[in-house]
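# Reading the structure
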Amino acid sequence: MWAYARGIWRCRYFWLMLVKNDLRQRYRRSLLGLGWSLLQPVAMTCIICFVFRTILISGESVVSYAAHVLAGLACWNYILSSTVVGCQCFYNGECYIRQYPAPLAIYPLRTALAATFHFIIAIALVVLLSWCINGLGNVLVLPAVLVSMAILFVVTWSLAVLAGFATVYFQDTQNLCEVGFQILFYLTPIIYPESLLKTQHMGWVADYNPVRALVDLVRKPILEGQVPGAPTLIMAGLAAAVLTTAASLTLARFQKRLIFLL
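To keep things clear, this report deals only with the structure shown in the data block. Throughout, residues of each chain are indexed from 1 in the direction in which the sequence is written. Reporting of local features is limited, given that this is a predicted model, to residues whose pLDDT is at least 70; pairs of side-chain atoms are given and counted only at 80 or more, and all residues count toward the totals for whole chains, interfaces and linings. Side-chain numbers come from the whole structure's heavy atoms, not from hydrogens or water.

### Description of the nonpolar core
To keep things clear, this is the line we draw: We define the nonpolar core as a collection of buried residues of types Ala, Val, Leu, Ile, Met, Phe, Trp, Tyr and Cys that are connected through side-chain atoms lying within 4.5 Å of one another. Summary of the burial criterion: residues with accessible area below 20% of their type's maximum are buried, those above 50% are exposed, and those between are partly exposed, where the area comes from a 1.4 Å probe applied to protein chains only. Secondary structure counts use DSSP, requiring at least four H or I residues in a row for a helix and at least two E residues in a row for a strand, with both numbered from the N terminus. Only heavy atoms matter for contacts: two residues are in contact if any of them lie within 4.5 Å across the pair.
With 49 residues, the main nonpolar core has Phe-119, Ile-123, Leu-214 and Ile-222 as its most contacted residues. Elements supplying a minimum of two residues to this core: helix H3 (36-56), helix H4 (62-86), helix H7 (106-134), helix H8 (143-169), helix H9 (173-187), helix H11 (203-207), helix H12 (210-224) and helix H13 (230-254). The element contributing the most residues to this core is H4, with 12 residues. The residues touching Ile-222, leaving out its near neighbours within four places in the chain, are Ile-123, Val-126, Val-127, Ser-130, Asn-138, Leu-142 and Val-145. Counting residues in each nonpolar core, the second largest holds 22 residues, with Ile-8, Leu-104, Leu-109 and Val-168 among its members.

### A short note on a nonpolar patch on the surface
Worth spelling out the cut-off: The patches reported here contain residues having more than 30% relative accessible area and no salt bridge. Joining distances are 9 Å for like charges and 5 Å for nonpolar side chains (Val, Leu, Ile, Met, Phe, Trp, Tyr). Accessibility throughout is a Shrake-Rupley quantity obtained with a 1.4 Å probe, and a residue counts as covered only by protein chains that appear here. By salt bridge we mean one thing: a side-chain nitrogen of Lys or Arg within 4 Å of a carboxyl oxygen of Asp or Glu.
Taken together, the side chains of Met-44, Ile-47, Phe-50, Val-51 and Phe-52 make up a nonpolar region of the molecular surface, amounting to roughly 490 Å² of accessible area. Within the secondary structure layout, Met-44 lies in helix H3. Taking the relative accessible area as the measure of exposure, Met-44 reaches 33% and is therefore partly exposed.

### Focus on the side chain of His-118
Our working rule: Here a polar contact is recorded for every N or O atom pair within 3.5 Å, except that within protein the pair must consist of a potential hydrogen donor and a potential acceptor, and residues adjacent in sequence are included only if both atoms are side-chain atoms.
By secondary structure assignment, the location of His-118 is in helix H7. A polar contact of 2.9 Å, which involves the side chain of His-118, links it to the backbone oxygen of Ala-114.

Written out as structure tokens, the structure reads:
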């Protein structure tokens, strides 16, 4: 395992170049440039606030609800894009895989790092919005966000690995992921508060949903100025551990066969 990790580190200039090229290609000749990475969550937040605030929220300001939705969408898009784009990570790197025996983990890492770049920009906007609403009361707990981002990065890399291998063996994986995540989106308190589920006696939907725990890792310190509680940390840590173990075992078992399936 350590030898494999050292191999990834030795290739750091290679996969950093791949990430840089991905970002450069995405925004080449673009008028807004990096602004496009914020347009989708901001536009969705505005639409959701306009349409659903009076239905889902009562007695709360529009700005507070917007911060709640924007933080949720930032985390959700991070997980979603890493998984869906990760479905094609090995096909996108096929020419490199055939030419050089680098550790295959760098190709899902490429996907996760590109998604992390956009996630950081979105989270910075959420922090600024929270300061406008609540002042600087969350400054002391903001370092907890770094731990949250580390956990989320491990989760997204693991999902990209699993999605990439699944797509090589089963070409409909990406379509299934898009459908499955669409269902999971409405089962996760992103555009509505968790309390709404509890009032409908459906609190178990959030309690056993690991994505809710991952979203709360970011929402709690930024919007509420609190360190995530033990149940949230346990659920998020357990999800990260399970996914990382599954991704590592998948790499160890199937990486030598991958070249014959591309």
